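So you can see what is in the structure, the chains are spelled out below.
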Amino acid sequence: MLNNRTKIKELLAGEATNYEATVMGWVRTFRNNQFIALNDGSTNNNLQVLAELGTFDESILKRITTGACIKAVGEIIPSLGKGQRVELKASSIEILGDSDAEKFPLQPKKHSLEFLREIAHLRFRTNTFGSVFRIRHSLAFAVHKFFNEKGFVYMHTPIITASDAEGAGEMFRVTTLPIDGTAPRNDDATINFKEDFFGRSTNLTVSGQLEGELAAMAFSDIYTFGPTFRAENSNTTRHLAEFWMIEPEMAFYDLEDNANLAEEFIQYIIKYAMDNNREDLEFLAQRLAEEEKSLPQDKRSEMGLIEKLEFVLSNKFERLTYTQAIDILKESNHNKKKKFQYEITGWGMDLQSEHERYLVEKHFKKPVILTNYPAAIKSFYMRYDDNCEPGRQTVAAMDILAPGIGEIVGGSQREERLDKLEQKMKDMHIPMEELYWYLDTRRYGACPHAGFGLGFERMVQFVTGMGNIRDVIPFPRYPKSAEF
Ligand code: 4AD
Ligand code: MG
């Protein structure tokens with residue numbers, strides 16, 4: 001048996017000394033041929049392993065290099081060094097994996113996030129990414145905990161689909177047909193997908209929502225949590241081509257119920273991270289504060305990371321309609337001084353992220369739930385609002401906007417009335433025959449229902465304070481990049 005080691009987090013947390021322990025991990029630094037800073041990923045805090053002078057062969061000592069993997073056995077003793085209560089005085093050290101210090105790309109110094117992205121296979125071994133991915137784990141765990149406690153059923157919706165759930169045409173094709181021009185053709189020269197693997201044209205899913213709705217029409221409350229894919233050519237700090245989304249779908253919920261659940265959910269998972277990842281959050285808060293020192297005053301955050309999270313936990317999200325938001329934007333000094341890149345043209349326009357960020361960061365200074373958008377700028381499945389002003393048809397949509405991030409949640413009450421849904425699908429050129437199964441839920445026991453999608457990476461960004469979405473997913477996929 002090899003795995004008889006104690007994790008470093010546990011050793012550092014303990015009060016006891018003068019007992020034997022085995023540790024394994026990766027060498028961060030080796031000072032004075034005596035002091036090894038050892039890390040095993042359980043915490044950012046390294047365990048000091050003391051290799052007393054004269055105890056170990058030079059042949060072993062020279063292999064204790066930054067990046068090397070070692071096993072050390074010895075006594076846990078009170079530490080004389082500062083910053084740690086205990087250390088391990090090694091009686092034996094075994095090199096499990098050498099690391100050529102000349103070639104190992106991670107030097108014990110500060111590296112830029114851009115550089116670390118290029119060596120994403122090794123960046124887990126830095127403090128920043130250690131903290132980010134332990135928090136990511138906690139948030140994922142909290143997602144399941146939240147829904148499980150509420151009696152939701154976790155539904156695994158398919159990754160490969162034949163439908164475009166958002167109707168936005170941003171899908172990656174899945175095919176086994178040859179791409180060298182020899183794929184079978186129909187008489188009209190289009191590709192004959194009947195000959196393809198699934199006997200039809202298929203894609204990677206952009207959202208599990210439509211299948212989620214089917215399940216909600218049986219279990220009442222379900223959620224999905226899986227990868228989704230968008231072939232949109234967006235090179236921003238908020239977009240990925242492959243991202244994880246959480247999509248709850250609830251029968252017997254209207255838009256207000258939906259917003260209530262989303263707010264409770266977001267606060268719950270943030271609180272879980274605050275309660276369980278304090279050390280990592282404090283590390284990232286410090287990192288962010290350092291990083292912001294180099295920014296001009298007006299570009300710095302008003303609150304520190306922890307303060308911001310506490311603020312979100314203790315304040316209600318601001319709720320207002322799209323129509324009210326347009327009025328605020330129109331009347332803003334920012335608009336009057338023509339500081340928006342995209343002009344506020346009036347009711348009906350789609351909001352750009354600069355507009356969303358103005359509302360959240362400048363006007364309300366807290367998370368905002370925007371509701372009741374114009375039907376024309378939202379997806380086909382959203383429920384028409386009743387009693388709209390003439391020429392101002394809205395839908396029961398909601399977007400949640402977070403400070404520093406912008407849109408973090410998109411959701412809606414769904415159109416459950418068959419005639420209205422069919423008419424809208426026709427108008428928006430959504431293929432109705434292909435989606436017969438979706439329409440069946442409206443034929444057999446339809447009910448008011450609602451749901452939303454939370455972009456998991458945007459949530460991780462919000463909690464960790466990381467500025468670029470590519471730094472909160474282990475191996476980011478974005479235009480012209482699918483490394484690792
Ligand atoms: O607003 P979206 O497109 O909504 C849906 O997909 C619905 N089917 C959700 C539902 O009602 N069940 O996406 C939902 C969220 C966005 O608010 C955003 O947080 C995230 O998913 N998102 C992305 N995250 C990273 N990269 C991208 N390219 C993203 N596109 C959307
Ligand atoms: Mg959206």
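Our subject is the structure listed above.
About the thresholds
Residues numbered from 1 in each chain as written. Chains lettered and ligands numbered in written order. Predicted model: local features only at pLDDT ≥ 70, side-chain atom pairs only at ≥ 80, totals over all residues. Heavy atoms only, no water. Helix = DSSP H or I, 4+ residues; strand = E, 2+ residues; numbered from the N terminus. Buried < 20%, exposed > 50% of the residue type's maximum accessible area, 1.4 Å probe, protein only. Contact = heavy atoms within 4.5 Å. Areas by Shrake-Rupley, 256 points an atom, 1.4 Å probe, with all protein chains shown as cover. Lys, Arg positive; Asp, Glu negative; His and termini not counted. Charge placed at Lys NZ, Arg CZ, Asp CG, Glu CD. Core = buried A, V, L, I, M, F, W, Y, C linked by side-chain atoms within 4.5 Å. Phe/Tyr/Trp six-rings, centres within 6.5 Å; stacked < 30°, edge-to-face > 60°. Lys NZ or Arg CZ within 6 Å of the ring centre and 35° of its normal. Polar contact = N/O pair within 3.5 Å; in protein donor to acceptor, adjacent residues only side chain to side chain. Patch = residues over 30% accessible without salt bridge, like charges linked within 9 Å, V, L, I, M, F, W, Y side chains within 5 Å. Salt bridge = Lys/Arg side-chain N within 4 Å of Asp/Glu carboxyl O. Arc of directions from axis to C-beta.

Asks: Just to check I follow, could you spell out the overall build of the protein for this structure?
Replies: Counting its regular elements, the protein contains 14 helices and 16 strands. Each principal axis of the C-alpha distribution contributes one length, and for the protein these read about 85 × 60 × 45 Å. The 484 residues of the protein split such that 51% are buried. Sequence-distant contacts, at least 24 apart, represent 69% of the contacts inside the protein between residues at least 6 apart. Counting every atom, the protein has about 23,900 Å² of accessible surface; 50% of that belongs to carbon and sulfur. Across the protein, the mean location of the 59 positive side-chain charges is 5 Å away from that of the 71 negative side-chain charges.

Asks: In this structure, what is going on with the nonpolar core? I would like to understand it.
Replies: Counting 64 residues, the largest nonpolar core has V143, F147, F265, I270, L454 and V463 as the members making the most contacts within it. With near-sequence residues (within four places) excluded, V463 lies in contact with I135, L139, I270, A273, L281, L305 and L309.

Asks: What is the right way to read the packing of aromatic side chains from this model?
Replies: Each pair of aromatic rings is reported with the distance of its centres and the angle of its planes. On inspection of all chains with the given rule, the structure shows 22 aromatic pairs. Geometrically, the ring pair formed by F147 and F265 is tilted, given 4.9 Å between the ring centres and 40° between the ring planes. Here F147 is found in helix α4 (residues 127–149), whereas its partner F265 is found in helix α6 (residues 255–276), with 118 residues between them in sequence. Of the two residues, F147 and F265, neither departs from the other in class, the shared state being buried. A ring pair is formed by F475 and F484, whose centres lie 5.6 Å apart and whose planes are at 45°; its orientation type is tilted. Under the relative-accessibility criterion, F484 is labelled partly exposed at 39%. Aromatic ring contacts, followed pair by pair, group F146, F147, F152, Y154, Y223, F265, Y268 and F452 into a single cluster. Above the ring of Y384, the side-chain terminus of K424 is found at 4.4 Å from the ring centroid. Sitting over the face of the ring of Y438, R442 holds its NZ or CZ atom 4.3 Å from the ring centroid.

Asks: Sorry if this is basic, but what is going on with the side chain of T441 here?
Replies: By the secondary structure assignment, T441 is in helix α13 (residues 436–443). Here the side chain of T441 touches Y438 through a polar contact of 2.6 Å, landing on its backbone oxygen.

Asks: Just checking my understanding: could you explain the environment of R392 for this structure?
Replies: Position of R392 relative to the elements: it lies in the loop between β13 (368–371) and β14 (397–402). A relative accessible area of 30% means that R392 is categorised as partly exposed. Put simply, R392 and Y373 are 19 residues apart on the chain and 9.5 Å apart in space, counted from C-alpha to C-alpha. With residues up to four places along the chain from it excluded, the contact list for R392 reads T323 and W347.

Asks: Looking at this structure, I do not really get a positive patch on the surface. What am I missing?
Replies: A grouping of K299, K337, K339 and K362 is seen on the molecular surface, where their side chains present a positively charged patch. Within the secondary structure layout, K337 lies in the loop between α10 (333–336) and α11 (353–364). For K337, a relative accessible area of 56% translates into the label exposed.

Asks: Mind showing me how you'd approach helix α12 (residues 418–427) here?
Replies: One turn of the α-helix equals 3.6 residues, which is why residues spaced by three or four share an orientation. Within α12, burial applies to L421, K424 and M425. For α12, the buried positions fall inside an angular range of 100° around the axis, keeping them on one side. α12 presents D419 and K426 as exposed residues on the side facing more than 90 degrees away from its buried surface. For α12, the secondary structure elements touched by its buried residues are α13. In the segment just after α12, H429 is the residue with positive phi, at about 55°.

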